[in-house]
Amino acid sequence: MGRLAKVTGEFMGVRFEVKPTHIRFDKIIEERRQMLLAWYKDNHPKLHKKLEDDKLTVEDYTIDDLDALNAWRFDEEFRSEYCKFTADHCMKLSKPIDTETWKSDELELGTLEEAWDFFTSRRQVPINGLGQP
């Protein structure tokens with residue numbers, strides 16, 4: 001299996017290549033979303049209820065709700081599981097990453113999210129390639 005343009009990088013000192021996108025990657029996106037919703041349900045039930053309500057607008061959310069949206073990042077166990085799930089699906093790592101690294105406060109979330117964006121086709125490779133003038 002291959003791709004026309006390889007997207008590669010380094011994550012936590014480990015080389016990686018973004019995996020080819022499966023035709024039904026929407027299932028993986030939904031599984032990832034459900035992980036977050038389950039966490040919100042357990043840890044921030046008021047926010048979870050709002051997220052489940054399709055009729056709410058941005059004005060219906062409070063500052064506390066906005067803080068709660070990012071609170072999963074402070075839950076070491078959940079964030080390591082969530083980030084590892086993301087990486088397992090979108091990155092082909094050159095070597096495994098140990099458990100302590102996944103739990104680290106220094107985890108490179110931006111790199112992981114960027115790889116996810118390429119995997120889910122939210123971000124495209126420029127016509128002239130990556131890293132070229």
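I will try to describe carefully the structure that is included in this document. (Residues numbered from 1 in each chain as written. Predicted model: local features only at pLDDT ≥ 70, side-chain atom pairs only at ≥ 80, totals over all residues. Heavy atoms only, no water.)

**A few points about the packing of aromatic side chains**
Note on aromatic pairs: each is described by the distance of the centres and the angle between the planes. Per the stated rule, a full pass over the model turns up 7 aromatic pairs. Ring centres 5.7 Å apart and planes at 40 degrees place the aromatic pair F11 and W102 in the tilted group. Taken as a pair, F11 in strand β1 (residues 8–11) and W102 in helix α5 (residues 99–103) lie far apart in primary sequence, 91 residues in all. Residue class for F11 comes out buried when judged on its relative accessible area of 0%. Judged by relative accessible area, W102 falls into the buried class, the value being 4%. Plain terms: the ring middles of W72 and Y82 are 4.9 Å apart, the flat faces sit at 65 degrees to each other, and that makes the pair edge-to-face. With W72 in the loop between α3 (63–69) and α4 (76–90) and Y82 in helix α4, the pair connects residues that are 10 residues apart, well separated along the chain. Classification of W72 by relative accessible area gives buried; the value is 6%. (Phe/Tyr/Trp six-rings, centres within 6.5 Å; stacked < 30°, edge-to-face > 60°. Helix = DSSP H or I, 4+ residues; strand = E, 2+ residues; numbered from the N terminus. Buried < 20%, exposed > 50% of the residue type's maximum accessible area, 1.4 Å probe, protein only.)

**Section: the pattern of salt bridges**
Once the charged atoms of two side chains with opposite charge are near each other, the side chains can pair. Within this structure, the stated rule accounts for 8 salt bridges. Put simply, R32 and E113 hold a salt bridge, and the shortest N to O gap is 2.9 Å. Of this pair, R32 sits in helix α1 (residues 25–43) while E113 is found in helix α6 (residues 109–119), placing the two residues 81 residues apart along the sequence. Put simply, K50 and D65 hold a salt bridge, and the shortest N to O gap is 2.5 Å. Linking K50 in helix α2 (residues 45–52) with D65 in helix α3, this pair joins segments that are 15 residues apart in sequence. Of the two residues examined, K50 and D65, each falls in the buried class. (Salt bridge = Lys/Arg side-chain N within 4 Å of Asp/Glu carboxyl O.)

**Some thoughts on the side chain of D117**
Structurally, the position occupied by D117 is in helix α6. Given the relative accessible area of 18%, D117 is considered buried.

**Considerations on a negative patch on the surface**
Together, E52, D53, D54, E59 and D60 make up a region of like negative charge exposed at the surface. Here D54 is to be found in the loop between α2 and α3. (Patch = residues over 30% accessible without salt bridge, like charges linked within 9 Å, V, L, I, M, F, W, Y side chains within 5 Å. Areas by Shrake-Rupley, 256 points an atom, 1.4 Å probe, with all protein chains shown as cover. Lys, Arg positive; Asp, Glu negative; His and termini not counted. Charge placed at Lys NZ, Arg CZ, Asp CG, Glu CD.)

**As for the environment of K49**
Checked against the element boundaries, K49 lands in helix α2. Each C-alpha atom of the pair K49 and L37 lies 9.6 Å from the other, and the pair is 12 residues apart in sequence.

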